[in-house]
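Observations on the model geometry
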Amino acid sequence: KFAQLLATAAALAVGASATGSETVLINEIGRLNNQSLLWGPYKPNLYFGVRPRMPQGLWTGLMWGRAETYMDIQQLFRYTCEQGQDIHGYGWDEYDARTGGVQTIHDEGNGIDITTSFIKVPGGNHGGSWAARIKGTVRDDTPDDTKYLVHYYIAQEGLGDLEVQGEDGDGLGFEGDVTLKGSSSALGDYTVVITEGSGNHPESDHEISASRRGDRTVVRSLVLPGEHIWQAKPAVFQQLQESIQEVQQQYTDETLPPPWQIYRLKPQAGGGNVHLIQKVFEGSFEFDVIFSSASAGKELTSQDVTREIKETSEAFAQRFSSVFDLKKPYNTDKYQKFGKSMFSNLIGGIGYFQGHQLIDRSYADEYEEENEGFWDDTAEARARKAQQLEGPYELFTSVPSRPFFPRGFFWDEGFHLIPIADWDIDLTLEVVKSWYNTMDSDGWIPREQILGPEARSKVPAEFQVQYPHYANPPTLFLIIEDFMERLRGANGSAPAEKETLSQGQTLYNAHLDNLELGGDFLRKIYPLLRRQYDWFRKTQKGNIKAYDREAFSSKEAYRWKGRSETHCLTSGLDDYPRPQPPHPGELHVDLMSWVGFMTKSLINIADALGIADEIAELKKNLFAIERNLDDLHWSEKDGCYCDATIDEYEEHALVCHKGYISLFPFLVGLMKPDDAKLGKILDLVGDESHLFSPHGLRSLSKQDPLYGTEENYWRSPVWMPINYMALTQLHRIATQEGPFQGKARGLYNKLRTNLVDTVFKSWEETGFAWEQYNPETGAGQRTQHFTGWTSLVVKIMAMAPLDEAAPIRDEL
Ligand code: 6A9
């Protein structure tokens, strides 16, 4: 429907552009994105939390748990996504940011599977309507008459009214649907209905207030101070406690009513900014939450919801197989299901975050370098730090992991958007824009964005503060360059391809052939990219005064600021071995590669935009970077690239720990297909006694003395983002004329299957995607439900195997 709406709007706008205006179309894109992306499960830290993509407004969250024993409520109450609970997998099986999807939660602890189907229906001028169907199905190993308490939390933040309609049966609870009416300037007038739904309710012979009967839906309306609203679980618990106190004096141990009857809220329906809806079921159940925007006209009904869920699901299946055309041997149903889940969790993990964040702009000496003081997190040390809450900021982003890292991470996001860009380029650009909106006037974007108290509550104090001279790899350049290539490609492409593109639901997709239009986005973002680039080159500059080599007419050399003795968090490869001891004269080959990569992207974008005067300067930088990568970082002895430092004789010395870092110029695409050094790099990649494992490339060589030591985070495990970069570069080399083409083909094919098979096997066994994989066993490890960059496996399944027997020719 959005597709139709957008197509119509596009047609109208194109008509209008006969009188000269692309602007009409561009504004239309903005408006329609705001409409169709307004609502979503944008609180990904919750199992199911719906909110709009705006600072304040209405948001809702689901809570459930068994009520068989008096302890259940403490131990099995589900609300925020948590790691290590007895849940065998959860997440979106299908999800499309424009239309909705379905999530399943295999809650073993509670003996129930919960599905949350979410659909969006366009209409009116406040972002349309939406609905959630909450369904609980008692698991096979669990008695059919198990009692469940289900809570639905509805909150109105900021200005606006929200009021429960009708009488709640003289304070005894509701017997049918519950209706709330609300209004705010951003959302207009709206209605929220929580349907009676279906399912059995427990019965009791206890003489107890009728509101504690099983068939009553209880509503408790509250007025909470704004800063407490996000703390939904404590709010519910406090209400439950009050209601327990009321009954507990009346009974003895022998006469105590069953838990489901004790833990009932006290009815009090009316106005308020928070409304707690409570239901109790015996066995399986289902009910709907329906939000109807008044300006959309007719209110949605449960019949509408049934139909929409079905249509959304069918459309998703169809679109998935056309966007991700899985190739052999992954073109079967089980991989399709796996791929849908991986992709849906990635796109369904997109959240909207808003609030202040802790930034320290003092540039104090103690943060500068490897100063121990920085890691000191005693109260006194914290007091010394000049951290301040800045903001409010807002960020629309996907997250690495809903239970563990439910917030934006800068370099992760570039990887997240690779699959998302294939699905919905407009959504992708919204996310990119959102990140660049958080850039300061110097060109700095915080590496990790912890916005507002809810996000901060998940992060230990020593990790909360961001420093404006700390970098993180600029992976969003990948996405912007990819967008530019799409524009260029589509412009000259055959009609058949355009047709596939026009199935997309956005104007950029429908109008990729319109370079003018796409160019508008690029023209607007280019200065921001340039500012960020200049910031990198200025703040992360390495000190090469120490080198008295004539060749270094240009000073291209870089060093990650803010490393400690043990960690270089800014690089993203936290504990990967670096020169010891840290030295202000050391140089980091991965950072120089990233700057080279930015330079190359900027050249391409500037070229597409026809900004000739920028290009000459950028080309000069690129030339110097390419040369200095070899001069400063290549070790002929080791056959790979290495970090460099100043040794005890004050001489330039390479420090080689073979692993991901050694491959960086290759990983970012800076090596030419006929470069002899490339042969050595491919040897290292393919050597099983170094990096190649049956489960993907190891982060550190098996032969490095530090392999698998200490924290062992980036010192042996297999990580998807770097493997994906290696795989795409192998593909590039394998499909171009050159001496290493044959070798690259073999490696590409093997690496591709090793990666997919590893992630798939672990997903099948555990129900989860993982942060990293064990290079010996292939087992998923560290963070569970890591649905960020591990989801790149979808792209990998859609990459074609290369025919190693066929005569080598250009396959692109
Ligand atoms: C710690 C603990 C509830 C570490 O995926 C995000 C990042 C990557 O960008 C980085 O490359 N992860 C990788 O080395 C996770 C970082 C988590 C840091 C916050 C707080 C919270 O405990």
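As a starting point, this report considers the structure included with it. (Residues numbered from 1 in each chain as written. Predicted model: local features only at pLDDT ≥ 70, side-chain atom pairs only at ≥ 80, totals over all residues. Heavy atoms only, no water.)

1. As for the overall build of the chain
What counts here: Working definition: helices are DSSP H or I runs of at least four residues, strands are E runs of at least two. Numbering for both runs from the N terminus. Burial here depends on accessible area, computed with a 1.4 Å probe over protein chains only, as a share of the maximum for the residue type. Under 20% is buried, over 50% is exposed, and the range in between is partly exposed. Residues are treated as being in contact if the distance between any of their heavy atoms lies within 4.5 Å. The Shrake-Rupley method, run with a 1.4 Å probe, gives the accessible areas here. Residue values count only the displayed protein chains as cover.
Each helix and strand in the chain was counted, giving 23 helices and 26 strands. Burial statistics for the chain: of 812 residues in total, 61% are counted as buried. Summarising the internal contacts of the chain: among those between residues at least 6 apart in sequence, 71% fall at separations of at least 24. Entry remark: accessible area of the chain is about 30600 Å², with carbon and sulfur atoms responsible for 49%.

2. Points about the site of the ligand
Under the convention used in this document: We call a residue near a molecule or strand when any one of its heavy atoms sits within 4 Å of it. For this analysis, a polar contact is any N or O atom pair within 3.5 Å, provided that within protein one partner can donate a hydrogen and the other can accept it, and provided that sequence-adjacent residues contribute only side-chain to side-chain pairs. Under this grouping Gly is polar, as are all residues other than the nonpolar Ala, Val, Leu, Ile, Met, Phe, Trp, Tyr, Cys and Pro and the charged Asp, Glu, Lys and Arg.
Neighbouring the ligand are 16 residues; W411, D412, G572, D574 and W714 lie closest to it. In the environment of the ligand, an oxygen atom lies 2.6 Å from a nitrogen or oxygen atom belonging to the side chain of D412. Protein burial of the ligand: of its 570 Å² of free accessible surface, 84% is covered by the chains. Within the shell around the ligand, the residues separate by chemical class into 10 nonpolar, one polar and five charged.

3. Regarding the packing of helix 10 (residues 410-423) against helix 11 (residues 425-436)
The line we're drawing: Every axis corresponds to a line fitted to the C-alpha atoms, with the helix fit spanning only the stretch in contact, and the corresponding angles, defined between N-to-C directions, vary from 0 to 180 degrees. Throughout, the term roughly parallel applies to angles under 35 degrees, roughly antiparallel to angles over 145, roughly perpendicular to angles from 65 to 115, and oblique to all others. Should the near helix be turned counterclockwise from the far one by less than a right angle, the crossing is left-handed, whereas a clockwise turn marks it as right-handed.
The interhelical angle for the contact between helix 10 and helix 11, taken along N-to-C directions, is 160 degrees, at an axis separation of 8 Å. Classified by the angle their axes make, helix 10 and helix 11 are roughly antiparallel. Seen from above, helix 10 lies across helix 11 with left-handed handedness. From helix 10, F410, E413, L417, I420, A421 and W423 reach across to helix 11, where they touch I425, L427, T428, V431, V432, W435 and Y436. Broken down by class, the residue content of the contact of helix 10 with helix 11 amounts to 11 nonpolar, one polar and one charged.

4. Considering the side chain of T60
Along the chain, T60 turns up in strand 3 (residues 58-66). Classification of T60 by relative accessible area gives buried; the value is 1%. At a separation of 2.7 Å, a polar atom in the side chain of T60 contacts the side chain of Y152. The contact partners of T60, leaving out residues within four places of it in the chain, are F48, G49, V50, W130, Y152, Y153 and I154.

5. So, the pairing of strand 9 (residues 161-164)
Where we set the bar: We treat two strands as partners when DSSP finds at least two bridges between them.
Burial along strand 9 is one-sided: the residues L162 and V164 are buried and none of D161 and E163 is. Direction of pairing for strand 9 relative to strand 10 (residues 178-184): antiparallel, over a ladder of four bridges. Note on strand 10: the bridge partner recorded for V164 is L180.

6. Some words on the packing of aromatic side chains
Keep this limit in mind: The aromatic pairing rule takes the rings of Phe, Tyr and Trp, using the six-membered ring of Trp, and pairs them if the centres are within 6.5 Å, calling planes under 30 degrees apart stacked, those over 60 edge-to-face and the rest tilted.
The tally for this structure, following the rule as stated, stands at 50 aromatic pairs. Where F281 meets F287, the ring centres are 6.4 Å apart and the plane angle is 15 degrees; that geometry is what we call stacked. Both residues of the pair, F281 and F287, belong to the buried class.

7. Let's talk about the pairing of strand 4 (residues 87-96)
The buried count for strand 4 comes to eight of 10 residues, which makes it a mostly enclosed element. Pairing of strand 4 with strand 5 (residues 100-107), which is carried by seven bridges, proceeds in the antiparallel orientation. Opposite Y90, over in strand 5, you have I105 as the bridge partner. In this structure, the hairpin formed by strand 4 and strand 5 is closed by a connection of three residues.

8. Describing the side chain of H416
Mapped onto the elements, H416 comes out in helix 10. Here H416 falls in the buried class, since its relative accessible area comes to 1%. Setting aside anything within four residues of it in sequence, one finds H416 in contact with L346, S398, V399, P400, G788 and W789.

9. Describing the environment of R319
Its location among the elements puts R319 in helix 6 (residues 302-323). Among the residues examined, R319 registers a relative accessible area of 10% and is labelled buried. Between the C-alpha atoms of R319 and V178, which are 141 residues apart in sequence, the distance is 36 Å.

10. Considering the pattern of salt bridges
This is how the line gets drawn: When a carboxyl oxygen of Asp or Glu lies within 4 Å of a side-chain nitrogen of Lys or Arg, that pair is called a salt bridge.
Under the counting rule described, the total for this entry stands at 46 salt bridges. R782 is the partner of E711 in a salt bridge, and the nearest nitrogen-oxygen pair spans 4.0 Å. Residue E711 is located in the loop between strand 24 (696-697) and helix 21 (720-734), and its partner R782 is located in strand 26 (residues 780-784); the two are separated by 71 residues in the primary sequence. You can call R782 partly exposed: its relative accessible area is 39%. What emerges from the salt-bridge pattern is a single network uniting E175, R213, D215 and R216.

11. A closer look at helix 22 (residues 741-766)
In plain terms, the rule: Take the number of residues in a helix, subtract one, and multiply by 1.5 Å to get its expected span.
For helix 22, built from 26 residues, the straight-helix expectation of 38 Å at 1.5 Å per residue is met to within 8% by its first-to-last C-alpha distance of 38 Å. Residue G767 follows helix 22 closely and has a positive phi angle near 85 degrees.

12. Here we look at the nonpolar core
Our working definition: Remark: nonpolar core denotes a set of buried residues (Ala, Val, Leu, Ile, Met, Phe, Trp, Tyr, Cys) joined through side-chain atoms within 4.5 Å.
Among the nonpolar cores identified, the biggest contains 188 residues, and Y436 and W714 are the most heavily contacted of them. No other element matches the 12 residues that helix 17 (residues 589-609) contributes to this core. Sequence-distant contacts of Y436, defined by excluding residues within four places in its chain, comprise F410, I445, L476, F477, I480, I525, L528, L529 and Q532. Core analysis: the next-biggest nonpolar cluster, separate from the first, contains 29 residues, M63, L222, V236 and L265 among them.

13. Quick word on the state of the cysteines
Rule in force here: Put simply, a disulfide is two cysteine sulfurs that come within 2.5 Å.
A full pass over the atoms with the stated rule returns one disulfide. Shown here is the disulfide that connects C642 with C656, its sulfur atoms set 2.0 Å apart. An S-S torsion of about 95 degrees defines the bridge between C642 and C656 as right-handed. Placement of C642 in the loop between strand 20 (640-641) and strand 21 (643-646) and of C656 in the loop between strand 22 (652-655) and helix 19 (664-667) is noted, with a sequence separation of 14 residues between them. Using a relative accessible area of 1% as the deciding quantity, one classes C642 as buried. Classification of C656 by relative accessible area gives partly exposed; the value is 24%. Free of any disulfide, C568 has its nearest cysteine sulfur in C642, 16 Å distant. With no disulfide of its own, C640 has C642 as its nearest cysteine by sulfur position, at a separation of 4.0 Å. Owing to a relative accessible area of 0%, C640 belongs among the buried residues under this scheme.

14. A closer look at the packing of helix 20 (residues 676-686) against helix 22
Here helix 20 crosses helix 22 at 25 degrees, and the two axes come no closer than 11 Å. Classed by the angle they form, the pair helix 20 and helix 22 counts as roughly parallel. When the axes of helix 20 and helix 22 are compared, the crossing they make is left-handed. Residue-level inspection shows L682, D683, V685 and G686 of helix 20 in contact with helix 22, the latter providing K743, A744 and L747. Partitioned by chemical class, the residues of the contact of helix 20 with helix 22 number four nonpolar, one polar and two charged.

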